[in-house]
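So the chains spell out like this:
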Amino acid sequence: MKRIILYITISLFVVGPLCAQNTKFGHVSPEAIMEQMPGFDTAQNAMQAFQNELQSDGQMMVKEFQKKQQEYQDKSATYSASVKKIKEDELASMYQRIQNFSDSMEEKLEQKKYELLLPFQTKILDAIKIVAKEGGYTYIFNKSILSYSAKGDDISEKVKAKLGI
């Protein structure tokens with residue numbers, strides 16, 4: 001039993017440093033690279049236009065609701081109980097549609113962002129993989145989530161070169 005522990009201890013001291021010597025770290029800032037890629041500004045403009053269109057639709061719905069609500073408040077004294085109920089149900093339905101639109105708007109914006117940025121992200125990831133293989137890197141970390149790095153190479157310029165930036 002003591003021999004097994006001795007062998008394990010010796011192997012950790014001998015093999016551990018050998019493995020650590022073969023490990024090569026790098027880091028990259030994909031977001032900064034993406035901003036410099038050709039066509040990225042077009043994608044951003046498309047995203048902004050889509051967002052503006054959705055906001056405009058939402059604002060029209062809100063104005064229509066406010067108009068109906070004001071009309072109801074102005075004329076509610078003249079409505080019969082059944083008409084009041086119909087008008088209140090209509091307002092509640094319009095309010096619910098606005099809420100649903102607001103929720104779906106965020107989902108639509110995220111989907112559009114994903115759709116527009118995916119080609120850029122794919123190109124960057126492919127370039128990172130090529131640079132990592134060529135440079136013999138074991139790990140490549142994203143700079144935006146890296147808290148500290150004492151060792152490691154910034155491969156951003158190499159990735160830009162692979163992308164022709």
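This text follows the structure it describes.
Residues numbered from 1 in each chain as written. Predicted model: local features only at pLDDT ≥ 70, side-chain atom pairs only at ≥ 80, totals over all residues. Heavy atoms only, no water.

A. Molecular detail of the overall build of the chain. The secondary structure content of the chain amounts to five helices and three strands. Ordered by position from the N terminus, the helices and strands of the chain form the series α-β-α-α-α-β-β-α. For the chain, the residues scored as buried account for 22% of the 165 residues in total. Roughly 12200 Å² of accessible area belongs to the chain as shown, and the carbon and sulfur atoms make up 56% of that amount. (Helix = DSSP H or I, 4+ residues; strand = E, 2+ residues; numbered from the N terminus. Buried < 20%, exposed > 50% of the residue type's maximum accessible area, 1.4 Å probe, protein only. Areas by Shrake-Rupley, 256 points an atom, 1.4 Å probe, with all protein chains shown as cover.)

B. Spotlight on the pattern of salt bridges. If you walk through the whole model with that rule in mind, you get six salt bridges. Across the pair Lys-68 and Glu-90 runs a salt bridge, and its minimum N-O distance is 3.3 Å. Here Lys-68, found in helix 3 (residues 40–75), pairs with Glu-90, found in helix 4 (residues 81–135); they are 22 residues apart in sequence, far enough to count as distant. Under the relative-accessibility criterion, Lys-68 is labelled partly exposed at 31%. Using a relative accessible area of 29% as the deciding quantity, one classes Glu-90 as partly exposed. Between Asp-89 and Lys-85 there is a salt bridge; the shortest N-O distance is 3.1 Å. Taken together, the positions of Asp-89 and Lys-85, both in helix 4 and four residues apart, correspond to about one turn of that helix. (Salt bridge = Lys/Arg side-chain N within 4 Å of Asp/Glu carboxyl O.)

C. Local environment of the side chain of Ser-156. Here Ser-156 is to be found in helix 5 (residues 156–163). Side-chain polar atoms of Ser-156 contact the backbone nitrogen of Ser-29, separated by 3.3 Å. In this structure Ser-156 touches His-27, Val-28, Ser-29 and Ile-33, once residues within four positions along its chain are discounted. (Polar contact = N/O pair within 3.5 Å; in protein donor to acceptor, adjacent residues only side chain to side chain. Contact = heavy atoms within 4.5 Å.)

D. Expanded view of empty space enclosed by the protein. By the definition in use, this model includes one cavity of 30 Å³ or more. Secondary structure elements with two or more residues in the lining of the largest cavity: helix 3 and helix 4. For the lining of the largest cavity, the per-class residue count stands at three nonpolar, no polar and four charged. (1 Å grid on protein atoms, 1.4 Å probe; cavity = no way out; pocket = protein on both sides within 12 Å on 5 of 7 lines; lining within 4 Å. Points joined across faces, edges and corners; volume = space filled by probe spheres on them. Nonpolar A, V, L, I, M, F, W, Y, C, P; charged D, E, K, R; others polar.)

E. Expanded view of helix 5. Three or more residues of helix 5 are buried, namely Ser-156, Val-159 and Lys-160. Buried residues of helix 5, seen end-on, are gathered within an arc of 100° and therefore sit on one face of the element. Among the exposed residues of helix 5, those oriented more than 90 degrees off its buried face are Glu-157 and Ala-161. Elements that come into contact with the buried residues of helix 5 comprise strand 1 (25–28), helix 2 (30–36), helix 4 and strand 3 (153–154). Taken from the residues just after helix 5, Gly-164 is the one with a positive phi, measuring 80°. (Arc of directions from axis to C-beta.)

F. Here's a closer look at the sheet that holds strand 2 (residues 139–142). Spatially, the three strands line up as an open sheet ordered 2-1-3, and their pairing is parallel. Because the sheet does not close on itself, it has two edges, and the strands there are strand 2 and strand 3. Here strand 1 pairs with strand 3 via two bridges, running parallel. Bridged to Gly-26 within strand 3 is Asp-153. (Pairing = 2+ DSSP bridges.)

G. Region of the structure containing a nonpolar patch on the surface. Residues Phe-25, Tyr-139 and Phe-141 make up a contiguous nonpolar surface patch of about 280 Å² in total accessible area. Within the fold, Phe-25 resides in strand 1. For Phe-25, a relative accessible area of 34% puts it in the partly exposed group. (Patch = residues over 30% accessible without salt bridge, like charges linked within 9 Å, V, L, I, M, F, W, Y side chains within 5 Å.)

H. Examining the packing of helix 3 against helix 4 more closely. Direction vectors running N to C along helix 3 and helix 4 enclose 175°, while the axes themselves pass 10 Å from each other. Comparing the axis directions of helix 3 and helix 4 gives the class roughly antiparallel. (Axes fitted to C-alpha atoms, helices over the stretch in contact; angles between N-to-C directions. Parallel < 35°, antiparallel > 145°, perpendicular 65-115°, else oblique.)

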